[in-house]
Amino acid sequence: MTARTSLTIVLAAGEGTRMRSSMPKVLHPVAGQTLLAHVLGASPQGTGAALAVVIGPDHEAVAKEAKRIRPDATTFIQHERLGTAHAVLAARDAITRGVDDLLVVFGDTPLISAATFARLRAPLKNGAALAVLGFRAADATGYGRLLVEDDRLVAIREQADASPAERAIKLSNAGVMAFDGRKALEIIEKVGNANSKSEYYLSDAVAIVRDLGLEAVVIETSEDEVRGINTKAQLAEAEQVMQTRLRQAALDAGVTMIAPETVYLAADTTFGNDVTIEPFVVIGPGVSIADGAVIHSFCHIVQASIGKNASVGPYARMRPGTSLGEGAKIGNFVETKAATLEAGVKVNHLSYIGDAHVGTGANIGAGTIICNYDGFGKHRTTIGKGAFVGSNSSLVAPVKIGNGAYVGSGSVITRDVPDDALAVERGEQTNREGGAARYRQMKTKPNPPKV
Ligand code: UD1
Ligand code: CA
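All of these numbers come straight from a predicted model, not from anything done at the bench.

**Student:** How do you make sense of the pattern of salt bridges when you look at a structure like this?
**Tutor:** Pairing between side chains of opposite charge can happen when their charged atoms approach one another. Going through the model one piece at a time under the given rule, you end up with 16 salt bridges. Across the pair R4 and D101 runs a salt bridge whose closest N-O atoms are separated by 2.6 Å. Separated by 97 residues along the polypeptide, R4 in the segment before β1 (6-12) and D101 in strand β6 (residues 101-106) bring together distant segments of the chain. Overall, D101 belongs to the buried group, its relative accessible area being 1%. Its salt-bridge partner being E166, residue R157 comes within 3.2 Å of it at the nearest N-O pair. Taken together, the salt bridges that share partners define one network made up of R4, D101 and R121.

Spelled out as C-alpha cells, the structure:
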C-alpha cells in the first residue's frame, strides 16, 4: 500500500494581542525555538507531505521563519481575520490540489507531537470524514467543548455560545483536525458565521459533517500536549512542560544531571555519551556536546559545539560560533564568541576570546582579552599551536600570534608575533628571563613536564 498523501495547514494569522508584544505570537520561543518551528517540526514531512502556513497581512517575518524550517512551505495571507474556518480557506489553492488527508493545526500549540498527528490520521483510513483532537481540560474556560451523544461526536460548541450545561463539559477541542482531503473543501465552505462573535468557526465543521451523514470522531490526548498559547503566562507554562520533556529525554539518553530541574535545554541540543551537566546551566539553541564533556555550574551556552572530554565553566559564557576542540578547557568568567579553540586549548580564567582561532594546545593566561572591535568593525585574531599568552595581555585585532610564540604577561600586542618568537610589550622584564625562558627550554624537550 502506498503511503497516504497529506496537506498540513498551520493557522498563524492571529495577532496574538493577549501576548502584549509587537512580535507575532508564533515567533515567540519555547526551548529556544519559535512556536511555529515546534509545530512544523511535529507536522508530517517527507514525500507526499505538503505544508501551508496561513499568516497575517504584515507578517513577513512569519513567512520567513516558515521557509527557514520548511523550504517547501507555501504561505497564504489571510487579509481579514474572520475566524479559523475563514483562515483555512485562505489556503484554498493548496486544498484544491487534492490530498488524502488534510490536517489543520494552530500555530500556537507547540507541544504537539508527530505521533499524535499519526494517531489523528488513522480514522480517515477507516472512512471517517473528520477526526478531531480532544483533551480533558483541567479548566476548560475558553476552549470549544466537544458534544458527544451515544459515543458519537456531534458538534463543538465555542465558549461564547455554550449553555451553562455545555460549559460544564471538560472534553475540549485541541484545535487540531484531520479531514478527508477530498471532502474537506465542501465541508469547510459550509461554515457560516451566525454566532455570538460573527466569526467563521472551524469547530462548526463537526456539525456539518454530521448533517452530511458522514462520520466525525474524537481522538483524545493529554492537556500538556495541546496547551494553546495566548498569554505570556501560558508561554511560561509551555516552557516548563517542554523543559521537563527535554530533561527526561537527556537523562534517558545517559546525560548526568544531579539537579535536572535547574538545567535549561533547547529543543535541538544534542549530547554524546557520558556528558555531565552540573546544576544551573542554560543552554540555548544550536548546541552540541560531545562524549565525556563536562559543563560546570552557571554556564550560558548558545550556538556552540563542545568537543569530546572538553570542560566548560563554572561561570562561562559561550556565545554563537564557538567551537571547543577535544579536551579543551574554558574556565570561570571566560566569554567566547565566533571562536574556534582547537584540541587541548586552555583558557582557564577571566578572558574574552572573540573572532578568533586558537591552535591546538595553546594556553591563554588569566585576564587575556582579545580586542576584536576598534569602534568601527570586527577583526580576527589567530593564535598558533602551542602558543602561550601571558596573563592580562590584550591582543589588538587584527593580529596573529605565531605557533609556539610566547607573549609576556601584561603585553598589549598590536603587531603580529612570528612563530616561536617572544613578545613582551609593556610587560614585566622578568618574563624575559623567567617564565619565557623556561617555557622555550621546556618546548625543546621531548616530553615537557606539566607546569
Ligand atoms: C480555538 C478553537 C477552540 C479550541 C481552541 C484550542 C475555533 C473557533 N476555536 O479557540 O475550539 O478549543 O482554539 O486552543 O476554532 N487564526 C487565524 N485567523 C483567524 C483566527 C484565528 O489564523 O481569523 C489562528 C490564530 O493565529 C491561532 C489559531 O488560529 O493560531 C486559533 O485562533 P485563536 O483565536 O487562538 O482561537 P481560540 O479562541 O484559542
Ligand atoms: Ca488559541
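**Student:** Quick question: what am I supposed to make of the coordination of the calcium ion (ligand 2) here?
**Tutor:** Six octahedral donors around a metal ideally sit at 90 or 180 degrees from one another, while four tetrahedral donors ideally sit at 109.5 degrees. Ligation of the calcium ion (ligand 2) by protein atoms is provided by D108 (OD) and N230 (OD1), these donors lying 2.7 Å from the ion. Taken together, the residues D108 in the loop between β6 and α5 (114-125) and N230 in the loop between α9 (223-226) and α10 (232-252) connect sequence positions 122 residues apart. The exposure class assigned to N230 is buried, which follows from its relative accessible area of 19%.

**Student:** Any chance you could explain the confidence of the model for the chain here in plain terms?
**Tutor:** It should be kept in mind that the predicted coordinates are not to be read in detail where pLDDT is low. Within the chain, residue pLDDT values average 94, and 94% of them lie at 70 or more. In the predicted structure, residues 427-432 sits below a pLDDT of 50 and forms 11 contacts with residues beyond four places in sequence or in another chain.

**Student:** I would appreciate a short explanation of the environment of R210 in the present structure.
**Tutor:** For R210, the location among the structural elements is in helix α8 (residues 205-211). Exposure remark for R210: the relative accessible area of 18% places this residue in the buried category. Placed 123 residues apart in sequence, R210 and F333 show a C-alpha to C-alpha distance of 65 Å. Separated by 3.1 Å, the side chain of R210 and the backbone oxygen of A216 make a polar contact.

Calculation criteria
Residues numbered from 1 in each chain as written. Chains lettered and ligands numbered in written order. Predicted model: local features only at pLDDT ≥ 70, side-chain atom pairs only at ≥ 80, totals over all residues. Heavy atoms only, no water. Salt bridge = Lys/Arg side-chain N within 4 Å of Asp/Glu carboxyl O. Helix = DSSP H or I, 4+ residues; strand = E, 2+ residues; numbered from the N terminus. Buried < 20%, exposed > 50% of the residue type's maximum accessible area, 1.4 Å probe, protein only. Donors = N, O, S within 2.8 Å, 3.2 Å for Na, K, Ca; no water. pLDDT = per-residue confidence, 0-100. Contact = heavy atoms within 4.5 Å. Polar contact = N/O pair within 3.5 Å; in protein donor to acceptor, adjacent residues only side chain to side chain.

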